[in-house]
Amino acid sequence: MATIIDGKRISQEIKEELKTKVAKLKEQGIEGCLAVIQVGTDPASSVYVRNKKRACEYIGIESRSYELAEETTEEELLSLIRELNQDARVNGILVQLPVPPQIDENKIIQAISPAKDVDGFHPQNVGALVSGLPGYVSCTPAGVIQLLKRSGISIEGKNCVVIGRSNIVGKPMSLLMLRENATVTIAHSKTKNLRDVCRQADLLIVAVGKPKMIDASYIKDGAVVIDVGIHRNEQNKLCGDVDFDSVLAHVEAITPVPGGVGPMTIAMLMHNCVKALTR
C-alpha cells in the first residue's frame, strides 16, 4: 500500500517549531519582519501573498504588504527594493512572481540584498548552494527535502530523476539531491526516451508544468514520486503534473495535489525568514 505523503501535517510541524524559535528570539529582543511586494492583481498571486502573510502572523513575525498597481514601472519597483534593503527593521524581502511585462524579473531578483533574499533566488544564494556554502535555499526544493526526510525516506545512494530545469525548482532541486548524496539525472523537454529515463528513478521529482503528464508508464515499481506541479483541470479541480490515480498502485510513496509540496513552500519560506533574524 502506497504511503501518501502528508505535506499539510509536515508543514504544520515545521511552523510549530518556528513559532517556538520566534518566541525565544522575542525574549532576546529580536523581532522579525518580512516585506511582501505584489505588482498587479493576479488572482493566484493574491492567494499566495495572503497565505504568506497568514503564515507570518502564525509564527509571530511581522509582515509588511506593498500592493503596487499593474502599471508600476521597473524603476519604481527597484526604488522600493532599495529602500527596503536599507531598512534595518526588515529582515526579508519577497517580490511575488510573475511581475508584469514592463518589469525585468532578473533585474528585480538581483536588486534584492542577498542577506534579505528569503526566496533564495539571488545569484549569490544560488552560487552558495552550488558551492555548498551557507545561504538561503529556494523554498520549494528545500520543502521537498524536508518532506522526504520527515517521512523517513532515505535519499543517499538513490537514483533521482528531476523532470524540469527551471531556476526556481529543477536546478536547485538537483543540487540539493546531490548534497544529500543521491545520483541525479536532470530531464527536460529535449530529453530523449523520457519514459526510459524516468523508469530508472528510485526518486522521481516532477516539475514539468503539464497537467497529469506523468502516468504509470513512467514509473518504476516501488519508486517515490514527488509532484511539484499545480493546475486546475476542466472541472476546476486542482491536479498536479502526475496522474495520481494511474500511478498510485505502483509507488512506495507519493505526494498528493493539493496537500503535498504546496504547503511546504510556505513553511520553508518561514524557515528562511527565521534564519534571517539570526544572520
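Structure first, text after, so check above.
An account of the accompanying structure is given in this report.

The rules we used
Residues numbered from 1 in each chain as written. Predicted model: local features only at pLDDT ≥ 70, side-chain atom pairs only at ≥ 80, totals over all residues. Heavy atoms only, no water. Helix = DSSP H or I, 4+ residues; strand = E, 2+ residues; numbered from the N terminus. Buried < 20%, exposed > 50% of the residue type's maximum accessible area, 1.4 Å probe, protein only. Contact = heavy atoms within 4.5 Å. Areas by Shrake-Rupley, 256 points an atom, 1.4 Å probe, with all protein chains shown as cover. Lys, Arg positive; Asp, Glu negative; His and termini not counted. Charge placed at Lys NZ, Arg CZ, Asp CG, Glu CD. Expected span 1.5 Å × (residues − 1). Pairing = 2+ DSSP bridges. Right-handed = clockwise from strand over helix to strand, strands pointing away.

Before going further, it helps to examine the overall build of the chain. Across its full length, the chain carries 10 helices and 11 strands. Based on the C-alpha atoms only, the size of the chain along its principal axes is roughly 50 × 45 × 40 Å. Looking at the chain as a whole, 49% of its 279 residues qualify as buried. Expressed as a percentage of contacts within the chain between residues at least 6 apart in sequence, the contacts between residues at least 24 apart total 71%. Accessible surface for the chain amounts to roughly 13,600 Å². Of this, 50% is attributable to carbon and sulfur atoms. Averaging the coordinates of the 33 positive side-chain charges in the chain and doing the same for the 33 negative ones gives two points 3 Å apart.

Before going further, it helps to examine helix H6 (residues 139-150). In a regular helix each residue adds 1.5 Å, so 12 residues correspond to 16 Å; H6 covers 16 Å between its end C-alpha atoms and thus fits that length. Among the 12 residues in H6, 9 count as buried, and that is most of the element. Looking only at H6, the buried set comprises Cys139, Thr140, Pro141, Ala142, Gly143, Val144, Ile145, Leu147 and Leu148. Buried positions along H6 lie against helix H1 (7-27), helix H7 (170-179), strand E7 (203-206), strand E8 (223-227) and helix H10 (261-277). Where H6 terminates, the next one or two residues include Gly152, which has phi positive at roughly 75 degrees.

Turning to the pairing of strand E3 (residues 62-68), a few remarks are in order. Where strand E2 (residues 33-39) lies against E3, 7 bridges are found, and the strand directions are parallel. If you follow Val39 over to E3, its bridge partner there is Leu68. Since E2 and E3 lie parallel, the crossover through helix H2 (residues 43-59) that links them has a hand, and here it is right-handed.

Another point: the environment of Gln124. Mapped onto the fold, Gln124 is located in helix H5 (residues 123-131). A residue is classified by how much of its surface remains accessible, and Gln124, at 53% relative accessible area, is exposed. As a C-alpha pair, Gln124 and Val251 span 127 residues in sequence and 37 Å in three-dimensional space.

Further remarks concern the pairing of E7. By the alternation rule, side chains of E7 split into Leu203 and Ile205 and Leu204 and Val206, which are all buried. The pairing of strand E5 (residues 159-163) with E7 spans 4 bridges and is classified as parallel. For Val162, the partnering residue across the bridge sits in E7 and is Ile205. One ladder, built from 4 bridges, connects E7 with E8; its direction is parallel. Along E8, the bridge assignment pairs Leu204 with Val225.

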